[in-house]
Each structure stands twice: as C-alpha cells, then as structure tokens.
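Structural overview for review
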Amino acid sequence: MSDERWASIEAVTTAWKAKHPSVSGHQGKYEMRGIVNALLYQSRTGPVGIPPHDLPPPGAPRAVREAPLSCP
C-alpha cells in the first residue's frame, strides 16, 4: 500500500484499534498498516495459502477481520 493511501486511512484504523482493545491488554505484535495490507491481499487472493513473507501471519488479520466493524 502506498504511503499516500495509508495516510488516508490511518486515522480510521487507529480509532478502530482504540475502540477494540485486546481483552488480555496485549497491544498487538503487528503494525496496523501490515494488518490492512494483509486484509487487502486476502481480499484479492482469498484466504487460501500462506501470505507473502512481508505480511503478518494469517491469524493476525483474522482477529481484525472477525471483530465488529464500527467507525467513529
């Protein structure tokens, strides 16, 4: 994802993450930009297979994808 595209959605993803904290208090191992990149990759290719090495493992975007979607 380009820097320009990320800049246009960074505030929304930051607000979403603030509203959906981990129940364990864990801050997350992966940057939200990587999670969004992985979700975009999965939307293009489907959730089958192993993502490229520069994306988080499949479980990371799954947690975000399955969380309730509510934007400010």
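Before reading further, recall that the structure is shown in the block above.
What to know about the overall build of the protein chain
Looking only at helices and strands, the protein chain has 3 helices and 0 strands in total. Along its sequence from the N terminus, the protein chain presents helices and strands in the succession α-α-α. Residue burial in the protein chain is summarised as follows: out of 72 residues, 21% are buried. Look at the contacts in the protein chain between residues 6 or more apart in sequence, and 55% of them connect residues 24 or more apart. When the accessible surface of the protein chain is split by element, carbon and sulfur atoms take 59% of a total near 5,300 Å².

A look at helix α2 (residues 32–45)
The terminal C-alpha atoms of α2, which comprises 14 residues, lie 20 Å apart, in line with the 20 Å expected from a rise of 1.5 Å per residue. Residues of α2 that are buried: Met32, Gly34, Ile35, Val36, Ala38 and Gln42. Two residues or fewer past α2, Gly46 is found with a positive phi of approximately 90°.

A look at helix α1 (residues 3–19)
For an α-helix the count is 3.6 residues per turn, leaving residues at separations of three or four pointing the same way. With 17 residues, α1 extends 24 Å from end C-alpha to end C-alpha; this agrees with the ideal 24 Å at 1.5 Å per step. Maximal helix bending in α1 amounts to about 45°, located at Ile9. Taken together, the buried positions of α1 are Trp6, Thr13 and Trp16.

Remarks on the nonpolar core
Within the largest apolar cluster, 5 residues are counted, these being Trp6, Trp16, Met32, Ile35 and Val36. When residues of this core are traced back to their parent elements, those giving at least two are α1 and α2. The element that contributes the greatest number of residues to this core is α2, accounting for 3 residues.

Procedures and definitions
- Residues numbered from 1 in each chain as written.
- Predicted model: local features only at pLDDT ≥ 70, side-chain atom pairs only at ≥ 80, totals over all residues.
- Heavy atoms only, no water.
- Helix = DSSP H or I, 4+ residues; strand = E, 2+ residues; numbered from the N terminus.
- Buried < 20%, exposed > 50% of the residue type's maximum accessible area, 1.4 Å probe, protein only.
- Contact = heavy atoms within 4.5 Å.
- Areas by Shrake-Rupley, 256 points an atom, 1.4 Å probe, with all protein chains shown as cover.
- Expected span 1.5 Å × (residues − 1).
- Bend = angle between axes of the 7 residues up to and from the residue.
- Core = buried A, V, L, I, M, F, W, Y, C linked by side-chain atoms within 4.5 Å.

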